[in-house]
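# Per-entry structural report
What follows is each chain in one-letter form.
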Amino acid sequence: MMMNCLKKDLKKGSENKLNYRGGIIVDFAKVFTEFPVIETDKIRLRKLREEDAPALYRYYSNQNVHRHLDWNGPESLERSLEVIHFWNEGFENGWILRF
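Remember, it's a predicted structure, so these values are computed and weren't measured experimentally. (Residues numbered from 1 in each chain as written. Predicted model: local features only at pLDDT ≥ 70, side-chain atom pairs only at ≥ 80, totals over all residues. Heavy atoms only, no water.)

### Brief notes about the pattern of salt bridges
Quick reminder of the rule: Note on definitions: salt bridges are taken to be side-chain nitrogens of Lys or Arg within 4 Å of carboxyl oxygens of Asp or Glu. The classification of residues rests on relative accessible area computed with a 1.4 Å probe and restricted to protein chains. Under 20% of the type maximum is buried, over 50% is exposed, and intermediate values are partly exposed.
Under the counting rule described, the total for this entry stands at six salt bridges. The shortest N-O distance in the salt bridge between arginine 46 and aspartate 52 comes to 2.8 Å. Given the relative accessible area of 13%, aspartate 52 is considered buried. When salt bridges that share partners are traced, they join Glu75, Arg79 and Glu82 into one network.

Written as structure tokens, this is what we have:
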């Protein structure tokens, strides 16, 4: 359902721009009036909260996770809090949607 919403908005095209690789840059704040929640029988994706910082830090501390990424993740619990605030602020400013 979320993808249908996004596709409809992209077809309008007026607020969206192409990035240097030809992909579409979407202003998520214009597409979604609030942070989306995606839920299935096995998983629930939602906006990160401050209390998620320890789990975020543990997740990125796992070598099996970060060895496949171009970023090793936050190096401390304090940095995890900063990352959560940064991603949430990015959503409010319309440039990132990070679960």
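The structure having been displayed, the exposition proceeds.
### Focus: the side chain of serine 80
Our working definition: Only DSSP runs of H or I with at least four residues qualify as helices, and only runs of E with at least two residues qualify as strands; both kinds are numbered from the N terminus onward. Contacts are assigned to residue pairs that have any heavy atoms within 4.5 Å of one another.
With respect to the secondary-structure elements, serine 80 resides in helix α5 (residues 77-92). The class for serine 80 is buried, based on a relative accessible area of 0%. If sequence neighbours within four positions are ignored, serine 80 has contacts with Ala53, Leu56, Tyr57 and Pro74.

### Examining the packing of aromatic side chains
As a reminder of what qualifies: Centre distance within 6.5 Å is the pairing criterion for rings of Phe, Tyr and Trp, where only the six-membered ring of Trp is used; planes under 30 degrees apart are then read as stacked, over 60 as edge-to-face, and the remainder as tilted. Look at NZ for Lys and CZ for Arg. If either is within 6 Å of the ring centre and within 35 degrees of the ring normal, a charge sits over the ring.
This structure, assessed with the given rule, holds six aromatic pairs. Taking the centre distance of 6.1 Å and the plane angle of 70 degrees together, the rings of tryptophan 71 and tryptophan 87 count as edge-to-face. Highlighted residues: tryptophan 71 in the loop between α4 (63-66) and α5 and tryptophan 87 in helix α5, separated in sequence by 16 residues. Residue tryptophan 71 is classed as partly exposed on the basis of its relative accessible area, which comes to 31%. An aromatic cluster is built from Tyr59, Tyr60, Trp71 and Trp87, whose rings are joined through pairwise contacts. The ring of tryptophan 87 carries arginine 98 above its face, with NZ or CZ at 4.1 Å from the centroid.

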